[in-house]
Amino acid sequence: KFLAIFAFLFGYGAVLLRDRTLQKGRKFGPLYVRRLVALLVFGLIHGWFIWFGDILLHYALLGLALMAFLSRKPRTLVIWAIGLLALMPVLLLAGGGGDMTPDPEFQQLIHEAVARDTAVYSSGTYAEITLQRRIDWASSAMNQVLFYPQILGLFLLGAYFAKQKVLHDVTENKDLLKRLAVWTGVLGSLFTFLPHVLASIGLSETSGTQLDVLQILVGGPLLGLFYICALALLTQRASWQRVLMPLASVGRTAFTNYIAQSVICTLLFYGYGLGLYGKVSPLVGLVLSVLLFTLQTVISALWLKRFRMGPLEWLWRAVTYLTVPPLVRRGEGEYQGAPRSA
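Attention in this report is confined to the structure presented alongside it.

Regarding its fold elements, the protein chain presents 13 helices and two strands. Computed over its C-alpha atoms, the radius of gyration of the protein chain comes to 22 Å, within 12% of the 20 Å expected for a compact globule of 342 residues. For the protein chain, with 342 residues in total, the buried portion stands at 38%. The long-range fraction of contacts in the protein chain, counting pairs at least 24 apart against all pairs at least 6 apart in sequence, stands at 71%. With an accessible surface of roughly 19400 Å², the protein chain has 68% of that area assigned to carbon and sulfur atoms. The positive charge centre, built from 30 side chains, and the negative charge centre, built from 17, are 18 Å apart in the protein chain.

In total, this model carries 23 aromatic pairs according to the counting rule given. On the basis of an interplanar angle of 75° and a centroid distance of 5.2 Å, the ring pair of Phe10 and Tyr59 is categorised as edge-to-face. With a gap of 49 residues between them, Phe10 in helix α1 (residues 2–23) and Tyr59 in helix α3 (residues 56–67) connect regions that are remote in the sequence. The class for Phe10 is buried, based on a relative accessible area of 17%. On the basis of an interplanar angle of 25° and a centroid distance of 4.0 Å, the ring pair of Trp303 and Phe307 is categorised as stacked. A relative accessible area of 16% means that Phe307 is categorised as buried. An aromatic cluster is present here, built from Trp51, Phe52, Tyr121, Tyr126, Tyr270, Tyr272 and Tyr277 joined pairwise through their rings. Sitting above the plane of the Trp316 ring, Arg35 keeps its charged end 3.8 Å from the centroid.

The next thing to look at is the packing of helix α2 (residues 28–49) against α3. It is at 7 Å that the axes of α2 and α3 come closest, and there the two elements cross at 160°. Taken together, the axis directions place α2 and α3 in an arrangement best described as roughly antiparallel. Two packed elements cross with a definite hand, and for α2 against α3 that hand is left-handed. Each of Gly29, Tyr32, Val33, Leu36, Leu39, Leu40, Phe42, Gly43 and Leu44 in α2 lies in contact with α3, whose residues at this interface are Leu56, Leu57, Tyr59, Ala60, Leu61, Gly63, Leu64, Leu66 and Met67. Taken together, the residues of the contact of α2 with α3 sort by class into 15 nonpolar, three polar and no charged.

Before going further, it helps to spend a moment on the nonpolar core. Phe10, Tyr32, Leu56, Tyr59, Leu66, Phe155 and Leu156 are the most contacted members of the largest nonpolar core, which has 53 residues in total. The dominant element in this core, judged by the number of residues it contributes, is helix α7 (residues 148–163), at 10 residues. When near neighbours in sequence (up to four residues on either side) are disregarded, Leu66 contacts Phe10, Gly11, Ala14, Tyr32, Leu152, Phe155 and Leu156.

Within the secondary structure, Asn173 sits in the loop between α7 and α8 (174–200). In this structure Asn173 comes out as buried when scored by relative accessible area, which is 18%. Of note is the side chain of Asn173, whose polar atom sits 3.1 Å from the backbone oxygen of Val166. Not counting residues within four places of it along the chain, the set of residues in contact with Asn173 comprises Lys165 and Val166.

The rules behind the values
Residues numbered from 1 in each chain as written. Predicted model: local features only at pLDDT ≥ 70, side-chain atom pairs only at ≥ 80, totals over all residues. Heavy atoms only, no water. Helix = DSSP H or I, 4+ residues; strand = E, 2+ residues; numbered from the N terminus. Rg over C-alpha atoms; globule rule 2.2 N^0.38 Å. Buried < 20%, exposed > 50% of the residue type's maximum accessible area, 1.4 Å probe, protein only. Contact = heavy atoms within 4.5 Å. Areas by Shrake-Rupley, 256 points an atom, 1.4 Å probe, with all protein chains shown as cover. Lys, Arg positive; Asp, Glu negative; His and termini not counted. Charge placed at Lys NZ, Arg CZ, Asp CG, Glu CD. Phe/Tyr/Trp six-rings, centres within 6.5 Å; stacked < 30°, edge-to-face > 60°. Lys NZ or Arg CZ within 6 Å of the ring centre and 35° of its normal. Axes fitted to C-alpha atoms, helices over the stretch in contact; angles between N-to-C directions. Parallel < 35°, antiparallel > 145°, perpendicular 65-115°, else oblique. Left-handed = near helix turned anticlockwise from the far one by under 90°. Nonpolar A, V, L, I, M, F, W, Y, C, P; charged D, E, K, R; others polar. Core = buried A, V, L, I, M, F, W, Y, C linked by side-chain atoms within 4.5 Å. Polar contact = N/O pair within 3.5 Å; in protein donor to acceptor, adjacent residues only side chain to side chain.

In structure tokens, the structure reads:
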């Protein structure tokens, strides 16, 4: 669900960036291409040297495709979004979902590969892990390509919301957001939990693959959109504003926090760190996740008291605008470095 939200916001942000750029009389194309090229480089560094499950490279590549749609009408965006989001589920369901059950010989190969990866990641040197990371990165990248229609569809859905200014004025669009929250919440929950319900009563043997398709490719985006609408509505309440406000600092430093999570977790789990790979239960993993995110929330808030943006956001902005943006705050409404117009 978070992946759906992340992709939605990427498309949403692209429209906002384009509008602001054109309002200032600047050319959007060259600026946006520099932004995507920088993101691609960040993605390669992240995927090759830190963690193989990088998403930045794919967002950069699909961001180029998104450029072709940013000047289109909202109706065009939503038609393409629905078509792309429906493409994979329709193809997989039309083909019976495919037989995803590997034969015993292939299962044995999988177990051997998992054991080999566990040994390398848990106790290998940085050089050994980097070699394995490159192999896993290539496999992950090829697998991610299959989801390009889904990701681009979510980009376009976010762009549609931005064009229609659905989230610009939540109060004005309150009724629309409520209806969207209800429908996406109900349908998303249905598609997400139905496979588990059927499995619990022993009725999912013949339709498990098809149900998995609906759960991941339909239920995930629907619930992601539900969370977006629900959070937008909750921010209109003063009590919820106080609860949700700490998350704003994480959002303003999202790029830095994304990479920081990879650095911290690889140091926790990989052999050149604490070597916890394959040794942590799901419960301990959940606790670590909550603690890490809480720590990042606190650090982000403290950072933004002194700085305008995260360090990687600053670097990304510098490459995008070919300037040195202000970073250190000098006081209330005053910043050290270049003027705000930069």
